[in-house]
Amino acid sequence: MRRPLANERWRRTVIFLALMSCAGAAHAQSAVSLVLAFPPGGPADSLARVTARQLEKELGQPVIIENKPGGNGAIAANLVARSKPDGNTLFLSSIGAIAINPSLYPKLVYNPEKDFVPVAMLASSPEVLVVGHGHAINTASEYIRQAKSSGVKMASTGVGGMSHMGIVQFKLATSAKVLHVPYKGAPPATTDTIGGQVDGFIGDISGLLANIKAGKLKALAIAAPKRSRVLPDVPTFDEIGVPNVYVNNWYGLFAPTGTPAEKINAINAAVQRAFTSSEMRAYAESTGVEFIAGTPQQFAETVKRDTAHWSALIRSEGIKVDE
């Protein structure tokens, strides 16, 4: 007579465990992944982490960072392009993987225009020319003279990255002798610039500011139309008679094509609210980045404009990458 009762208890136990398993799976699926095209430790990584903390509060979901460097963003982009378009997998990219790669790689494994939808621009950071603290050069004019006479070795974050675009513009504007030394990301390029293995590096102010303030790097010139508020004593290239060296690296969020518009708008709204947080304001003050408020449509217009601009430079200079 006890067997029916035991069977009933067993049935209830199985149902309870199944429900708990489903609840756990649903919770795990609710986490948002920010897939980052750069290694830990660089300016993109620090931006991703402060953004993730604020989005967790605004979205009410866990936000996980996945560093997937390589191929100037191609590895991360391909991963996101193949993910489910539910708003829970986002591509945090710089300008490189979106606006530069299509012209750089003849056989790109993803199509930025077809595979992604712009969600929100996060921040922009002008680039700055730096040399190591032990370098004999102290001014941009001295640097240009050396580059024209004996030549210089300049580091970049990789072929086709914004620092590489800065080197190309520098060469065109000065007719200097430059040996391009590509690295895999900003951290190793910065390390070798400090150590003197290379003669200079044009990189994001946000990623170099701490080392500049610590005296490990000397800032020589800003690659922007105006001086940086965090480096007010550093002249622009324009001011030293070197025109058209403008390298502004932006970072933004993209979702796989097919992601519902309401989800994209909700994430964009969360980003706009996050910009007002004290933590993100402090981050901007300490790194020199500028947060760029705007709609997904405005971000899409920026992507289109910059794609045309950098594609023209890449084609005219015949820049290629070894695949």
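Since the model is a prediction, treat every value here as computed from it, not as a measurement.

Peer 1: Would you take a moment to explain the overall build of the chain for this structure?
Peer 2: The number of helices and strands found in the chain is twelve helices and ten strands. Here the C-alpha coordinates of the chain stretch approximately 100 × 40 × 35 Å along the principal axes. The buried share of the chain, reckoned over its 323 residues, is 50%. Surface accessibility of the chain: about 15,200 Å² in total, with carbon and sulfur atoms responsible for 56%.

Peer 1: What is the right way to look at helix α6 (residues 140–149) in this model?
Peer 2: For α6, the set of buried residues is Ala140, Tyr143, Ile144 and Ala147. Along the axis of α6, the buried positions cluster into a sector of 100°, meaning they face one direction only. Two residues or fewer past α6, Gly151 is found with a positive phi of approximately 90°.

Peer 1: What is the right way to read the packing of helix α4 (residues 95–104) against helix α12 (residues 296–317) from this model?
Peer 2: A packed helix pair is summarised by two numbers, namely the angle formed by the two axes and the spacing between the axes. Between α4 and α12, the least distance of the axes is 8 Å, while the angle of their chain directions is 40°. Regarding the angle of α4 to α12, the classification is oblique. Judged by the sense of rotation from one axis to the other, the crossing of α4 with α12 is right-handed. Contacts from Ile95, Ile98, Ala99, Ile100, Ser103 and Leu104 in α4 reach Val303, Asp306, Thr307, Trp310, Ser311, Ile314 and Arg315 in α12. When its residues are assigned to classes, the contact of α4 with α12 shows eight nonpolar, three polar and two charged.

Peer 1: For this particular structure, what's the right way to read the pattern of salt bridges?
Peer 2: Where charged atoms of side chains with opposite charge meet at close range, the side chains can pair. Applying the stated criterion to the full structure yields six salt bridges. With a shortest N-O distance of 2.9 Å, Asp45 and Arg49 are connected by a salt bridge. Note that Asp45 and Arg49 are positioned in helix α2 (residues 43–59) at a spacing of four residues, about one turn of the helix. Residue class for Asp45 comes out buried when judged on its relative accessible area of 6%.

Peer 1: For this particular structure, what's the right way to read the nonpolar core?
Peer 2: Inside soluble globular proteins, nonpolar side chains tend to come together where they are buried. One finds Phe91, Tyr143, Met154, Phe170, Leu253 and Phe291 to be the most contacted residues of the largest nonpolar core, which totals 82 residues. Sorting elements by how many residues they give to this core places strand β4 (residues 116–132) first, with eight residues. With residues near it in sequence (within four places) discarded, Met154 still touches Leu129, Tyr143, Ile167, Phe170, Val178, Leu179, His180, Val181, Gly200 and Ile202. If you look at the next biggest cluster of nonpolar residues, it comprises 18 residues, including Val130, Tyr183, Ala219 and Ala224.

Peer 1: Looking at this model, I keep getting lost on unusual backbone geometry. Mind explaining?
Peer 2: Here Ser175, not a glycine, exhibits a phi torsion of approximately 55°, which is positive. Looking at where Ser175 falls in the secondary structure, it is placed in the loop between α7 (162–174) and β6 (178–182). One non-glycine residue with positive phi stands out, namely Asn244, at about 65°. Inspection of the secondary structure assignment puts Asn244 in the loop between β8 (217–223) and β9 (248–256).

Peer 1: How should I be thinking about the environment of Leu231 in this particular structure?
Peer 2: Relative to the assigned elements, Leu231 resides in the loop between β8 and β9. Setting aside its immediate chain neighbours within four residues, Leu231 contacts Val128, Ile205, Leu209, Ile212, Ala219 and Ile222.

Peer 1: Honestly, the side chain of Thr287 in this entry has me stumped. Any pointers?
Peer 2: Among the secondary structure elements, Thr287 is positioned in helix α11 (residues 278–287). When neighbours within four sequence positions are excluded, Thr287 is seen to be in contact with Ile205, Ser206 and Leu209.

Peer 1: What is the right way to read the packing of aromatic side chains from this model?
Peer 2: Two numbers describe a pair of aromatic rings. These are the distance of the centres and the angle of the planes. Counted by the stated rule, this structure contains ten aromatic pairs. Between the aromatic rings of Tyr110 and Phe116, the centroid separation amounts to 6.0 Å while the plane-to-plane angle is 65°, which identifies the pairing as edge-to-face. We classify Phe116 as buried; its relative accessible area is 4%. Seen in terms of ring centroids, Phe275 and Phe291 are 4.9 Å apart; in terms of plane orientation they differ by 20°. Their pairing is stacked. Linking Phe275 in the loop between α10 (261–274) and α11 with Phe291 in strand β10 (residues 290–291), this pair joins segments that are 16 residues apart in sequence.

Peer 1: I keep staring at the pairing of β6 and nothing clicks. Help me out?
Peer 2: On a regular strand, each side chain points to the face opposite its neighbour's, so the side chains alternate between the two faces of the sheet. Direction of pairing for strand β5 (residues 152–156) relative to β6: parallel, over a ladder of five bridges. Across the sheet, the residue bridging to Ser156 is Pro182, located in β6. This β-α-β element, β5 to α7 to β6, shows right-handed connectivity.

What counts, and where the lines are drawn
The residue numbers shown here count from 1 along each chain, following its written sequence. Local features in this predicted model are restricted to residues whose pLDDT is 70 or higher, and side-chain atom pairs enter the listing and the counts only when it is 80 or higher, whereas totals over whole chains, interfaces and linings include all residues. Neither water nor hydrogens contribute to the side-chain values; these are computed over all heavy atoms in the structure. Put simply, DSSP marks the helices as runs of H or I at least four residues long and the strands as runs of E at least two long, and each gets a number from the N terminus on. Burial here depends on accessible area, computed with a 1.4 Å probe over protein chains only, as a share of the maximum for the residue type. Under 20% is buried, over 50% is exposed, and the range in between is partly exposed. Per-residue and other accessible areas were derived by the Shrake-Rupley procedure at a 1.4 Å probe size, with only the shown protein chains allowed to occlude residues. The arc under discussion is defined with respect to the helix axis, by the directions toward the C-beta atoms. Lines fitted to C-alpha atoms define the axes here, with helix axes fitted over just the stretch in contact, and angles between the N-to-C directions of these axes take values from 0 to 180 degrees. Note on terminology: angles under 35 degrees are roughly parallel, angles over 145 are roughly antiparallel, angles of 65 to 115 are roughly perpendicular, and the others are oblique. Left-handed is the label given to a crossing in which the near helix is rotated counterclockwise from the far helix by less than a right angle, and right-handed is the label when the rotation is clockwise. Two residues form a contact once any of their heavy atoms are found within 4.5 Å. Residue type decides the class: Asp, Glu, Lys and Arg count as charged, Ala, Val, Leu, Ile, Met, Phe, Trp, Tyr, Cys and Pro as nonpolar, and the leftover types, Gly among them, as polar. Criterion for a salt bridge: a side-chain nitrogen of Lys or Arg within 4 Å of a carboxyl oxygen of Asp or Glu. Buried Ala, Val, Leu, Ile, Met, Phe, Trp, Tyr and Cys residues form a nonpolar core when they are joined through side-chain atoms within 4.5 Å. Pairing of aromatic rings covers Phe, Tyr and Trp, the last counted by its six-membered ring, and requires centre-to-centre distances within 6.5 Å; plane angles under 30 degrees mean stacked, over 60 mean edge-to-face, and any other angle means tilted. Pairing between two strands is assigned when DSSP locates at least 2 bridges connecting them. Crossover handedness is defined here as right-handed if the route from the first strand over the helix to the second strand goes clockwise, with the strands pointing away from the viewer.

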